[in-house]
Amino acid sequence: MAMVSIKDVAAHAGVSPGTVSNVLNRPGKVAPSTRERVEAAINELGFVRHGSASTLRAGHSRTIGLSVIDIGNPFFTEVAAGVEDVASELGYAVILGNSAGSLDKEERNLRVLAEHRVRGVLITPSGEDPSRLERLRDRDISVVLVDHPAHRPDQCAVAVDDVAGGRAAVAHLLARGARSVAYVTGPLSIRQCSERREGAKAAMRSAGLDPGDLHVAEAATMTARGGEKAAADLIAHGLPEAVFCANDLLALGVLRALLRSGVRVPEDVALMGYDDIDFAAASTVSLSSMRQPTYQLGRIATELLLDECDNPETHAHQHIMFQPELVARESTQ
């Protein structure tokens with residue numbers, strides 16, 4: 001069976017080959033009725049674009065990269081859903097890379113994305129060294145930071161105010177009467193973890209407490225298992241009146257360990273998470289948490305990235321900072 005060409009699609013739809021090319025590469029520039037006619041012709045004829053050839057001609061592909069710290073965390077799964085939805089709407093595919101918090105793995109993932117000539121990269125970086133991202137920009141690959149603020153004016157970033165989130169979480173625990181608080185966190189080398197701790201200490205300071213009294217339990221991984229291990233240490237050394245966790249997975253692990261040890265939540269220990277993943281409301285004791293606009297983070301970051309890719313002359317770099325929302329449930333009531 002002969003390969004269907006762009007000219008065949010154009011003839012079938014009654015448009016020029018250039019219009020078909022625009023539908024494939026710049027769908028936003030084609031009138032909706034015309035785009036629908038071309039897309040119908042593509043489906044009827046079974047046209048498949050020659051991706052590698054178009055990449056060589058353009059110098060880049062109709063793909064973007066997404067690099068996250070932990071795809072096993074539902075937070076990043078929801079971010080990825082927002083990314084994929086916008087990319088699909090605008091005719092792009094997404095290549096996902098999971099760094100697992102490793103700088104070496106992140107470097108390898110970015111190298112692969114560059115080799116695939118992606119149009120742009122969305123990234124939650126594993127560290128603060130900007131050199132890896134600069135190398136992408138030197139290759140004319142646009143970069144937008146996700147869940148991470150930008151430190152330069154000529155780069156887009158979409159983030160959440162983690163200091164404010166940590167402050168609100170611990171202020172909520174203190175308002176219900178707690179005076180001893182533990183912070184269960186992942187590695188403090190992760191910006192989000194350190195900033196949430198900073199906010200927690202600010203809340204204690206505002207309440208007239210010594211921020212140095214905040215007990216910090218650092219887990220190797222931000223998982224339920226990491227939370228269980230941290231909780232075992234807290235139980236062994238004396239439980240505080242409240243525990244704030246850097247994400248919901250840690251909090252769910254802490255909750256499981258506390259209940260297994262006969263500790264009542266919230267009667268004996270109040271418990272607060274972060275992210276408000278779906279499991280938070282469905283746990284044995286519904287979990288109070290700091291809600292982040294995860295899906296919107298992915299959508300808006302992708303819109304910014306593709307606008308920079310497709311409209312470099314008119315694109316305006318933006319630094320968008322969301323505020324987290326406190327959701328109180330049984331674990332702190």
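Above this text is the structure in question.
Residues numbered from 1 in each chain as written. Predicted model: local features only at pLDDT ≥ 70, side-chain atom pairs only at ≥ 80, totals over all residues. Heavy atoms only, no water.

**Comments concerning the side chain of Ser286**
Consideration 1: Secondary-structure assignment places Ser286 in the loop between α12 (278–282) and β10 (289–291).
Consideration 2: In this structure, Ser286 is in contact with Ala280, Ala281, Arg329, Glu330 and Ser331, ignoring residues within four places of it in sequence. (Helix = DSSP H or I, 4+ residues; strand = E, 2+ residues; numbered from the N terminus. Contact = heavy atoms within 4.5 Å.)

**A closer look at the sheet that holds strand β2 (residues 93–98)**
Consideration 1: Read across the sheet, six strands follow the order β2-β1-β3-β4-β5-β11 without closing on themselves; strand pairing throughout is parallel. With one partner strand each, in any of the chains shown, β2 and β11 (319–322) form the two edges of the open sheet. Sheet twist, expressed as the average angle between the axes of neighbouring strands with direction ignored, equals 15 degrees.
Consideration 2: Contacts from helix α7 (residues 131–138) reach β3 (120–123) and β4 (142–146) within the one sheet, and its direction differs from that of β4 by about 145 degrees. (Pairing = 2+ DSSP bridges. Axes fitted to C-alpha atoms, helices over the stretch in contact; angles between N-to-C directions.)

**Topic: the pattern of salt bridges**
Consideration 1: With the rule as written, the count across this model stands at 19 salt bridges.
Consideration 2: Arg264 is the salt-bridge partner of Asp268, the closest N and O atoms lying 3.0 Å from each other.
Consideration 3: Here Asp268 falls in the partly exposed class, since its relative accessible area comes to 34%.
Consideration 4: Of the charged contacts in the structure, one is a salt bridge between Arg291 and Glu325, with a shortest N-O distance of 3.8 Å. One end of the pair, Arg291, is in strand β10; the other, Glu325, is in strand β12 (residues 325–327), and 34 residues separate them in sequence.
Consideration 5: Residue Glu325 is classed as partly exposed on the basis of its relative accessible area, which comes to 43%.
Consideration 6: Three or more residues are tied together by salt bridges with common partners; here these are Glu134, Arg137, Arg152 and Asp154. (Salt bridge = Lys/Arg side-chain N within 4 Å of Asp/Glu carboxyl O. Buried < 20%, exposed > 50% of the residue type's maximum accessible area, 1.4 Å probe, protein only.)

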